[in-house]
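Close look at the chain arrangement
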Amino acid sequence: MNKAALEISGLHKHYGDLEVLKGIDLSASKGDVISIIGSSGSGKSTFLRCINLLETPSAGEVRLHGELIEMRTNKRGKREPVSMRQVERIRSRLAMVFQGFNLWSHMTILENIIEVPIHVLKVPKKEAIEKAEALLQKVGLYDKCAAYPNHLSGGQQQRAAIARALAVDPEVMLFDEPTSALDPELVGEVLGVMRNLAEEGRTMLVVTHEMSFAKEVSNQLMFLHQGIVEEQGDPKQVFANPSSERFKQFISSVY
Ligand SMILES: Nc1ncnc2c1ncn2[C@@H]1O[C@H](COP(=O)(O)OP(=O)(O)O)[C@@H](O)[C@H]1O
Ligand SMILES: [Mg+2]
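Read on for a plain summary of the structure. Every value quoted in this text rests on a predicted model; they were computed, and no experiment measured them.

Quick word on the environment of Pro124
For Pro124, the location among the structural elements is in the loop between α3 (109–119) and α4 (125–138). Relative accessible area serves as the criterion here: at 49%, Pro124 is assigned to the partly exposed category. Here the alpha-carbon distance between Pro124 and Ile114, two residues 10 residues apart in the chain, equals 9.9 Å.

Shown next, in the form of structure tokens:
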């Protein structure tokens, strides 16, 4: 059987009385690029954080290539993963790119990229450096190997963060508004790198406000509103023929 790269069913998350995610289903096959859109506070970041277990879902299942991430309710009534070893293993197969880049400021760009491969994945240093250099070529930053993050523009920092994410050979890449912190003239260079990754067949979940990316690059679209999937499907069809009034309002507000 051809298992989905990532399969999420019935995902719920609440913080106390605040129910942020109210039952989300999503299935990503290898090579799918799924855009997740929705207004601020709709639960998009929480959804990504539940997938890589930065947050423990309150209910529901997450499977990576068929492997169920096991969760339980502890004695204090709190949901938690059964095995931190499993969580670490699963996390090492995912990679997240954040709005604020999150590069380590005391390390050069090259050091940022080789850190996890060398110290967590135990890749020999020479091999890690060769791979990092190739990734920097790919994102157009080879000449910035020895620079520190704060000497780079936002667009360059985000491209470096994408190279760092690629360095672990992730099965699924999670992007949380990767271009939202950038000056408008720098958005294109980051979207260009992401478009190349999509064309290479990478499996990607992308929270974004870039409607042209959602429409032209992704092959699935999910619109979240107050923790519910209001609209889902092929982006071209959904944009041409939205069924949800809220989605219509949302797209008219962002254009
Ligand atoms: N750790 C937390 N504790 C309490 N409330 C939270 C926490 N994280 C997020 N929330 C709330 O969950 C809702 C959804 O947040 P978020 O997932 O960040 O939305 P989005 O990314 O779509 O803007 C918001 O109301 C936010 O205040
Ligand atoms: Mg967010």
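Moving on, there is more to tell.
Description of the site of ligand 1
In the vicinity of ligand 1, the contacting residues are Tyr15, Leu18, Val20, Ser39, Ser40, Gly41, Ser42, Gly43, Lys44, Ser45 and Thr46. With respect to ligand 1, the backbone of Gly43 contributes an N or O atom lying 3.0 Å from an oxygen atom. Lys44 places a polar side-chain atom, nitrogen or oxygen, 2.8 Å from an oxygen atom of ligand 1. Here ligand 1 has 560 Å² of accessible area as a free molecule, and 60% of this is covered by the chains. Elements with a minimum of two residues in the shell around ligand 1: β2 (18–28) and α1 (44–51). Top element by residues in the shell around ligand 1 is α1. It accounts for 3 residues. Looking at the shell around ligand 1 residue by residue, the classes come out as 3 nonpolar, 7 polar and 1 charged.

Observations concerning the packing of helix α5 (residues 154–166) against helix α6 (residues 184–199)
Two measures define how a pair of helices packs: the angle their axes make with one another and the distance between the axes. Put simply, α5 and α6 touch, their axes get as near as 8 Å, and they point 20 degrees apart. Classed by the angle they form, the pair α5 and α6 counts as roughly parallel. Considering how the two elements wind past one another, α5 and α6 form a crossing that is right-handed. For the pair formed by α5 and α6, the contact residues are Gly154, Gly155, Gln156, Gln158, Arg159, Ile162 and Leu166 on the first element and Leu186, Glu189, Val190, Val193, Met194 and Leu197 on the second. Its residues placed into classes, the contact of α5 with α6 shows 7 nonpolar, 4 polar and 2 charged.

Re the pattern of salt bridges
Side-chain pairs of opposite charge can arise whenever the charged atoms involved come near each other. Counting across every chain of the model gives 15 salt bridges. For the salt bridge of Glu55 with Arg49, the shortest nitrogen-to-oxygen distance reads 3.4 Å. By relative accessible area, which is 17% here, Glu55 ends up buried. Residues joined by salt bridges that share partners form a network here, namely Glu67, Arg89, Arg93 and Glu171.

So, the pairing of β2
Pairing geometry for strand β1 (residues 6–15) and β2, over 8 bridges, is antiparallel. Residue pairing in the sheet places Glu7 in a bridge with Ser27 of β2. Counted between consecutive antiparallel strands, the loop separating β1 from β2 contains 2 residues, among which Gly16 sits at a positive phi close to 60 degrees.

About the thresholds
Residues numbered from 1 in each chain as written. Chains lettered and ligands numbered in written order. Predicted model: local features only at pLDDT ≥ 70, side-chain atom pairs only at ≥ 80, totals over all residues. Heavy atoms only, no water. Helix = DSSP H or I, 4+ residues; strand = E, 2+ residues; numbered from the N terminus. Buried < 20%, exposed > 50% of the residue type's maximum accessible area, 1.4 Å probe, protein only. Near = heavy atom within 4 Å. Polar contact = N/O pair within 3.5 Å; in protein donor to acceptor, adjacent residues only side chain to side chain. Areas by Shrake-Rupley, 256 points an atom, 1.4 Å probe, with all protein chains shown as cover. Nonpolar A, V, L, I, M, F, W, Y, C, P; charged D, E, K, R; others polar. Axes fitted to C-alpha atoms, helices over the stretch in contact; angles between N-to-C directions. Parallel < 35°, antiparallel > 145°, perpendicular 65-115°, else oblique. Left-handed = near helix turned anticlockwise from the far one by under 90°. Contact = heavy atoms within 4.5 Å. Salt bridge = Lys/Arg side-chain N within 4 Å of Asp/Glu carboxyl O. Pairing = 2+ DSSP bridges.

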